[in-house]
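Each chain is listed here by its residues.
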Amino acid sequence: MRALQQAAIALTLMGVALCAAALDTTVLPDPALQARYVALTHELRCMQCQNESIADSPVDLAADLRNQVREQLLAGKSDEQIRGWMAARYGDFILFRPRYSWRNAWLWGAPAALLLLGAGVCWRVLRQRTQLLATDSDPVEEDLRT
Amino acid sequence: MLPELGHFALILALLLALLQAFFGIAGPALARERWTRAVSAALAGQAVMVATAVGCLVHAFINNDFSVLYVAENSNSALPLFYRVSALWGAHEGSLLLWIFLLALWSVAVAIRSAGLPPNFAARVLGVLGLVSFGFLLFTLATSNPFMRLDPPAPDGRDLNPILQDPGLAVHPPILYTGYVGFAVAFAFACAAMLEGRLDQAWARWTRPWTTWAWAFLTCGIALGSFWAYYELGWGGFWFWDPVENASFMPWLVGTALVHSLAVTDKRGLFKSWTLLLAILAFSLSMLGTFLVRSGVLVSVHSFAADPSRGMFILAFLIIMIGGALALYAWRAPLLKSQAGFELGARESFLLFNNVLLVIAAATVLAGTLAPLISDALKLGTLSVGPPYFNPTFMLSMLPLMGLLALGIHANWKRGRLKDKQRTLLVTLLAAAVLGCGVVFGIYSGAHVLTPVGMTLGIWILLASLVDPLDRWRRGLSLSRAVLGMTIAHMGLGVAVLGLTTVQSFTVERDVALAPGQVARVGGYELRFQGVKSVEGPNYDGIGGTFVLTRNGAAVAVMTPQKRQFWVQHQVTSETAITLNHGNNVLLALGDDLGAGRWSVRVQIRPLVSLVWLAALIMAIGGFVASSDRRYQSTKALAVAAGAAVPGKA
Amino acid sequence: MTVRRFLVPLVPLAVFAVLAVVLAIGIRHSPDKGIIVSPLLGKPAPQFALPALLEPARTVRSQDFQGHWYLLNVWGTWCGECRAEHQMLLRVKESHAVPLIGLDWKDDDAQAQAWLTQLGNPYDTVAVDRSGRAAIDWGVYGAPETFLISPAGIVVYKHVGALTEDVWTREILPRVQAGKS
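The rules we used
- Residues numbered from 1 in each chain as written.
- Chains lettered and ligands numbered in written order.
- Predicted model: local features only at pLDDT ≥ 70, side-chain atom pairs only at ≥ 80, totals over all residues.
- Helix = DSSP H or I, 4+ residues; strand = E, 2+ residues; numbered from the N terminus.
- Rg over C-alpha atoms; globule rule 2.2 N^0.38 Å.
- Buried ≥ 20, exposed ≤ 12 C-beta atoms within 10 Å, placed from the backbone.
- Contact = placed C-beta atoms within 7 Å.
- Expected span 1.5 Å × (residues − 1).
- Bend = angle between axes of the 7 residues up to and from the residue.
- Axes fitted to C-alpha atoms, helices over the stretch in contact; angles between N-to-C directions.
- Left-handed = near helix turned anticlockwise from the far one by under 90°.
- Nonpolar A, V, L, I, M, F, W, Y, C, P; charged D, E, K, R; others polar.
- pLDDT = per-residue confidence, 0-100.
- Pairing = 2+ DSSP bridges.
- Core = buried A, V, L, I, M, F, W, Y, C linked by C-beta atoms within 7 Å.
- Domains from an automatic or database assignment.
- Parallel < 35°, antiparallel > 145°, perpendicular 65-115°, else oblique.

1. Here we look at the overall build of chain B
Scanning chain B for helices and strands turns up 19 helices and 10 strands. Taking 2.2 N^0.38 as the reference for a compact globule, 650 residues should give roughly 26 Å; the C-alpha atoms of chain B span a radius of gyration of 26 Å, in line with that estimate. For chain B, the spread of C-alpha atoms along the principal axes amounts to about 80 × 75 × 55 Å. When each of the 650 residues of chain B is scored for burial, the buried share is 59%.

The structure is reproduced here in structure tokens:
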């Protein structure tokens with residue numbers, strides 16, 4: 001366990017020491033492909049500098065992965081195919097955008113579910129309070145002060 | 001010698017905090033008047049001891065005392081004096097001490113201004129604050145003592161992380177923590193009310209200024225962090241939805257909801273248990289943030305060195321404080337029912353929507369931040385969540401909120417009377433739409449679908465906020481600071497919406513490779529590279545590139561981005577050159593030496609991005625102005641409010 | 001109605017309790033953070049055909065090792081941790097328990113050869129991955145990494161970081177011995 005910890009720390013330190021910003025001057029011939037290239041490289045996590053995308057990471061691995069993206073785009077692969085290719089090798093952790101799957105349904109569904117819940121709460125409160133209006137004789141200064 | 005004194009002072013502070021907590025809670029509960037009166041003394045003692053400890057540590061830093069482990073790990077004799085002091089909060093142990101110090105300051109402030117409060121209530125508030133202080137002091141002494149000695153002393157220190165050697169850093173954590181810690185006051189007020197078993201409009205009035213102050217500081221702290229990341233890290237981004245950023249944003253969202261909910265409770269005695277819950281929630285999220293940063297459960301570029309044992313300690317602390325408060329809530333909340341009513345179009349309605357949407361936003365951010373943990377715990381595999389999740393889901397709740405703001409400001413309490421304002425609202429909306437679309441399509445090119453929506457909403461908020469204050473000014477009527485502050489803060493929000501819309505829609509970013517003499521054309525600007533030369537700093541060596549920026553031939557600026565290598569830690573940082581021109585922020589970051597004199601450069605043109613931080617400043621100013629309103633200030637007013645509070649009034 | 005009035009305020013506490021459990025589990029797993037669980041576990045080992053380091057004309061194919069247990073160790077002369085684990089790798093070789101195949105990742109051939117001559121060669125064979133493509137297929141993100149592959153060609157275990165005595169005796173040997181019986 002301790003060795004594992006040490007290894008993790010060593011790896012992290014190595015990574016952190018190298019992880020400044022890097023610049024990617026790749027330009028693909030087709031502007032549409034270039035736009036997809038930029039989008040994809042910003043959506044894939046660099047596995048060494050784990051808080052950067054492969055677009056921004058200076059390490060060799062990021063350059064190799066960017067190369068892969070470029071080659072696959074030129075070979076006509078779709079965005080989903082490229083993401084799938086990467087995830088098959090590095091796991092879902094490499095994706096900044098969680099996959100749309102049943103496993104992640106709770107995450108993607110959460111905002112909508114919360115909004116529905118919120119709407120329900122609003123409706124109940126408003127119904128109760130508008131009904132109470134009839135019996136509420138509390139005088140309120142009717143100006144706009146906070 | 002002094003480090004030992006500092007250590008000893010912390011131990012004394014621990015004991016005094018415990019006394020403060022004991023007297024503050026047991027005194028009123030057991031009707032022991034002497035105990036109740038002793039709370040302030042215990043607090044005073046604790047504050048002095050904490051200040052002493054901080055003083056000892058600062059002294060160790062200034063005098064390069066490398067026999068103190070923390071100093072040896074975070075400082076260096078070549079480090080400029082300014083950063084030797086700010087290195088105090090550069091790592092885990094010192095930042096905890098900063099937290100404790102700020103908590104002591106807030107507690108003292110509350111004690112000083114509590115002369116008009118009922119003594120039992122004030123004692124309870126200080127007692128709860130004492131409990132929080134005790135927890136943090138115990139954590140520090142048990143797991144994170146900044147006064148540990150190094151024997152034999154190091155010949156020199158490991159130097160402060162170069163990324164942190166920046167004026168922005170010196171100010172960001174103290175201001176951010178002031179906000180974070182400030183929510184402990186609202187938490188304490190809430191716990192005191194629950195312990196006492198009553199909560200009325202007077203309570204809301206007492207709590208409001210403290211909450212608004214904490215909120216304003218947190219706004220500044222977050223904005224500073226974002227601004228600092230922007231110009232220091234050089235990627236042109238200012239918000240990454242990084243777990244630690246989210247950890248400060250969630251309390252801010254809930255804090256905003258709390259500020260608004262308190263208004264309703266103050267004005268009409270409504271939403272009492274909800275306000276109580278929000279007060280608990282805001283501080284809980286602050287504490288959760290502390291946990292996330294220091295326990296190693298999440299991967300983040302901001303986190304301090306991870307240590308699972310620290311994680312368990314903080315978690316235990318969290319369970320006791322938050323679990324305890326929520327248990328109190330479950331006990332007391334059912335008794336807090338009010339019989340007041342209001343119309344669908346009333347101000348209360350809009351504040352209800354405000355609260356619901358803000359809390360949904362906070363919950364969404366929480367879900368995304370904790371998703372990796374949850375997925376791991378439920379054995380659903382490794383999940384990673386980034387901007388592609390947060391951006392759309394955050395907008396989902398924020399867009400409706402922005403749309404409702406203008407309406408809400410014009411609604412009256414109890415009976416909205418929005419029909420009277422129909423015309424004003426339509427006119428302002430139309431004007432905003434025209435102006436917005438004019439800017440979007442007239443000045444810039446390449447808009448997204450949401451761009452005109454964002455521009456219209458931002459301008460509408462600005463116009464709608466100004467209507468009533470201008471009307472009152474025109475009629476020669478005075479404007480209370482509370483309303484003035486509110487207006488300023490809302491306008492700040494409008495400015496934020498404008499800035500965010502433009503920067504998200506119209507940013508141009510390109511990475512180019514240039515040889516000396518070559519020109520790159522990006523976003524209407526021309527950039528001529530003139531070459532690089534070496535530079536030397538107090539504790540670093542660097543390379544600076546010189547670029548001449550022109551727009552349609554007219555000179556704009558000479559920009560010199562740098563790359564620096566620090567002597568001690570060998571870390572390379574990039575110093576971005578930033579220029580402001582006609583509202584556009586032009587950023588240049590020097591990349592890599594491509595050989596034969598060619599260098600890679602990242603050029604970004606970001607229109608109106610400065611509006612984002614200006615907006616935060618405006619919002620914070622609004623908060624400070626609003627909480628300086630006379631109705632909160634005079635202790636006589638507080639005493640009157642205390643006397644007028646009818647116990648058990650719905 | 002009255003019952004609900006008392007139950008609803010308990011909801012926040014209940015939600016918090018669940019959250020606390022999730023966080024506690026997170027802490028227990030946190031030493032593993034930064035070490036990503038490989039999606040290759042339980043799947044067939046990726047195929048490669050790369051030049052051998054010490055005999056440039058020969059090609060090392062992953063199929064050559066089919067039917068035996070073997071360890072694939074990813075390393076490079078630029079990697080400090082690899083230097084640290086080298087002693088351990090030599091001990092693995094001495095034990096003759098499992099053959100060790102090296103994958104020289106993004107390295108300089110001459111330096112790699114000198115390294116092995118100087119420090120000793122624990123590998124049965126070393127394949128050279130100059131482009132980094134094979135390493136990507138194996139999901140490598142930081143040297144050193146060591147994979148254990150079964151005779152059926154399935155990746156059964158992956159270790160990230162320097163190989164230690166602990167990992168060898170507790171994770172690798174038991175799996176090999178269980179497989180042999």
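2. Overview of the overall build of chain A
A tally of regular secondary structure across chain A gives five helices and zero strands. Its helices and strands in sequence order give chain A the pattern α-α-α-α-α, from N to C terminus. Put simply, of all contacts in chain A between residues at least 6 apart along the chain, 50% involve residues at least 24 apart.

3. Focus on helix H5 (residues 105–132) of chain A
The end-to-end C-alpha distance of H5 of chain A, which contains 28 residues, comes to 40 Å, matching closely the 40 Å that a straight helix rising 1.5 Å per residue would cover. Where H5 of chain A bends most, at Pro111 of chain A, the angle is about 40 degrees. Buried within H5 of chain A are the following residues: Leu107, Pro111, Leu114 and Arg129 of chain A. Here the buried face of H5 of chain A lies against helix H12 (347–377) and helix H13 (387–410) of chain B.

4. Notes on the packing of helix H7 (residues 167–196) of chain B against helix H10 (residues 272–295) of chain B
All names here are of chain B. Contact geometry for H7 and H10: axes closest at 8 Å, N-to-C directions at 140 degrees. Between H7 and H10 the crossing geometry is left-handed. Packed against H7, whose contacting residues are Tyr180, Phe183, Ala184, Ala186, Phe187, Phe189, Ala190, Ala193 and Met194, the element H10 presents Leu276, Ala279, Ile280, Ala282, Phe283 and Ser286 at the interface. Considered class by class, the residues forming the contact of H7 with H10 number 14 nonpolar, one polar and no charged.

5. Notes on unusual backbone geometry
Backbone torsion omega between Asp151 of chain B and Pro152 of chain B reads 5 degrees, so that peptide bond is classified as cis. Of note in this structure, Trp241 of chain B is not a glycine but carries a positive phi near 55 degrees. As for its position among the elements, Trp241 of chain B is in the loop between helix H8 (201–233) and helix H9 (243–268). Its identity is not glycine, yet His96 of chain C carries a phi of approximately 55 degrees, on the positive side. Its location among the elements puts His96 of chain C in the loop between helix H3 (80–95) and strand E4 (100–105). Using a count of 7 C-beta atoms within 10 Å as the deciding quantity, one classes His96 of chain C as exposed.

6. With respect to the confidence of the model for chain B
Per-residue pLDDT for chain B has a mean of 88; in total, 95% of the residues score no lower than 70. Complex prediction metrics read pTM 0.87 and ipTM 0.85.

7. What about the sheet that holds E4 of chain C?
Residues and elements named next belong to chain C. Strand order in the open sheet formed by five strands is E5-E4-E3-E6-E7, and the pairing between neighbours is mixed. Both outer strands of the open sheet, strand E5 (125–129) and strand E7 (155–160), are each paired with one neighbouring strand and no more. Along the sheet, successive strands turn relative to each other by an average axial angle of 20 degrees, direction set aside. As paired elements, strand E3 (residues 70–75) and E4 share five bridges and run parallel to each other. Across the sheet, the residue bridging to Trp75 is Asp104, located in E4.

8. Considerations on the nonpolar core
In terms of nonpolar packing, the biggest core is built from 216 residues, with Ala184, Ala186, Phe189, Val254 and Ile280 of chain B touching the most fellow members. Considering every element that reaches this core, the biggest residue donor is H7 of chain B, with 19 residues. Once residues lying within four places of it in the same chain are set aside, the contact partners of Val254 of chain B are Leu278, Leu281, Ala282, Leu285, Val359 and Ala362 of chain B. Counting 60 residues, the second-largest nonpolar core is a separate cluster that includes Leu73 and Met86 of chain A together with Trp75 and Leu89 of chain C.

9. Side note on the pairing of strand E3 (residues 525–536) of chain B
All names here are of chain B. Where strand E2 (residues 519–522) and E3 come together, four bridges link them in antiparallel fashion. Bridging from a neighbouring strand, Val519 pairs with Arg528 of E3. Both E3 and strand E4 (residues 540–551) contribute to a ladder of 10 bridges, which runs antiparallel. Looking at the pairing, Gly531 lines up with Thr546 of E4. The loop that links E3 with its antiparallel partner E4 comprises three residues.

10. A look at helix H6 (residues 119–143) of chain B
With 25 residues, H6 of chain B should reach 36 Å at 1.5 Å per residue; the first-to-last C-alpha distance of 36 Å fits that figure. By the criterion of burial, H6 of chain B is predominantly enclosed, with 19 of the 25 residues buried.

11. Some details on the domain arrangement of chain B
Residues and elements named next belong to chain B. The domain boundaries assigned to chain B delineate domain 1 (2–332 + 343–393) and domain 2 (508–607). On a C-alpha basis, the centroid separation for the pair domain 1 and domain 2 is 39 Å. Contact with domain 1, which involves 11 residues of that partner, is made by 16 residues of domain 2.

12. Things to note about the pairing of strand E9 (residues 584–595) of chain B
Residue and element names in this part refer to chain B. Judged from the five bridges that link them, strand E8 (residues 577–581) and E9 form a sheet pairing that is antiparallel. Paired with Ala577 across the two strands is Leu588, which belongs to E9. Linking E8 back to E9 in an antiparallel pair, the connection comprises two residues, with His582 at a positive phi of about 50 degrees. Here nine bridges tie E9 to strand E10 (residues 598–607), and the two strands are oriented antiparallel to one another. Residue pairing in the sheet places Gly595 in a bridge with Arg598 of E10. Linkage of E9 to E10, two consecutive antiparallel strands, is achieved through a turn of two residues, within which Ala596 is found at a positive phi near 55 degrees.

13. Re the interface of chain A and chain B
Counting residues at the interface gives 42 residues for chain A, matched by 57 residues for chain B. Tallying contributions element by element places H5 of chain A first for the side of chain A that touches chain B, with 13 residues. In terms of residue class, the side of chain A that touches chain B is made up of 22 nonpolar, eight polar and 12 charged.

14. Points about the packing of helix H5 (residues 92–112) of chain B against H6 of chain B
Helix-helix packing: each pair is described by the crossing angle between the helix axes and the interaxial distance. Residue and element names in this part refer to chain B. Here H5 crosses H6 at 165 degrees, and the two axes come no closer than 10 Å. When the axes of H5 and H6 are compared, the pair comes out roughly antiparallel. Remark: the crossing between H5 and H6 carries left-handed chirality. Here Leu96, Leu97, Trp99, Ile100, Leu103, Ala104, Ser107, Val110 and Ala111 of H5 lie close against H6, whose contacting residues are Val125, Leu126, Leu129, Val132, Ser133, Phe136, Leu137 and Thr140. When grouped by side-chain class, the residues that make up the contact of H5 with H6 number 14 nonpolar, three polar and no charged.

15. Regarding the sheet that holds E10 of chain B
All names here are of chain B. Ordered by their spatial adjacency, four strands build an open sheet running E1-E10-E9-E8, and the pairing between neighbours is antiparallel. Pairing within the sheet leaves two strands with one partner each, and these edge strands are strand E1 (508–514) and E8. Averaged over all adjacent pairs, the angle separating strand axes in this sheet is 20 degrees, with direction ignored.

16. What to know about the environment of Phe121 of chain B
Residues and elements named next belong to chain B. Tracing the backbone through its elements, the reader meets Phe121 in helix H6. With 21 C-beta atoms packed within 10 Å, Phe121 lands in the buried category. Between the C-alpha atom of Phe121 and that of Glu196, which follows or precedes it by 75 residues, the distance is 7.3 Å. Sequence-distant contacts of Phe121, that is, excluding residues within four places in its chain, are made with Ala192 and Glu196.

17. Description of the environment of Asp92 of chain A
Turning to its location among the elements, Asp92 of chain A is positioned in the loop between helix H4 (79–90) and H5. With 22 C-beta atoms packed within 10 Å, Asp92 of chain A lands in the buried category. When sequence neighbours within four positions are dropped, the list of residues in contact with Asp92 of chain A reads Ala87 and Arg99 of chain A together with Gly381, Thr382, Leu383 and Ser384 of chain B.

18. A closer look at the confidence of the model for chain A
Per-chain confidence: chain A averages 80 in pLDDT, with 81% of residues scoring 70 or above. Here residues 1–17 of chain A scores under 50 on pLDDT; set against residues more than four positions off or in separate chains, the count is 24 contacts.

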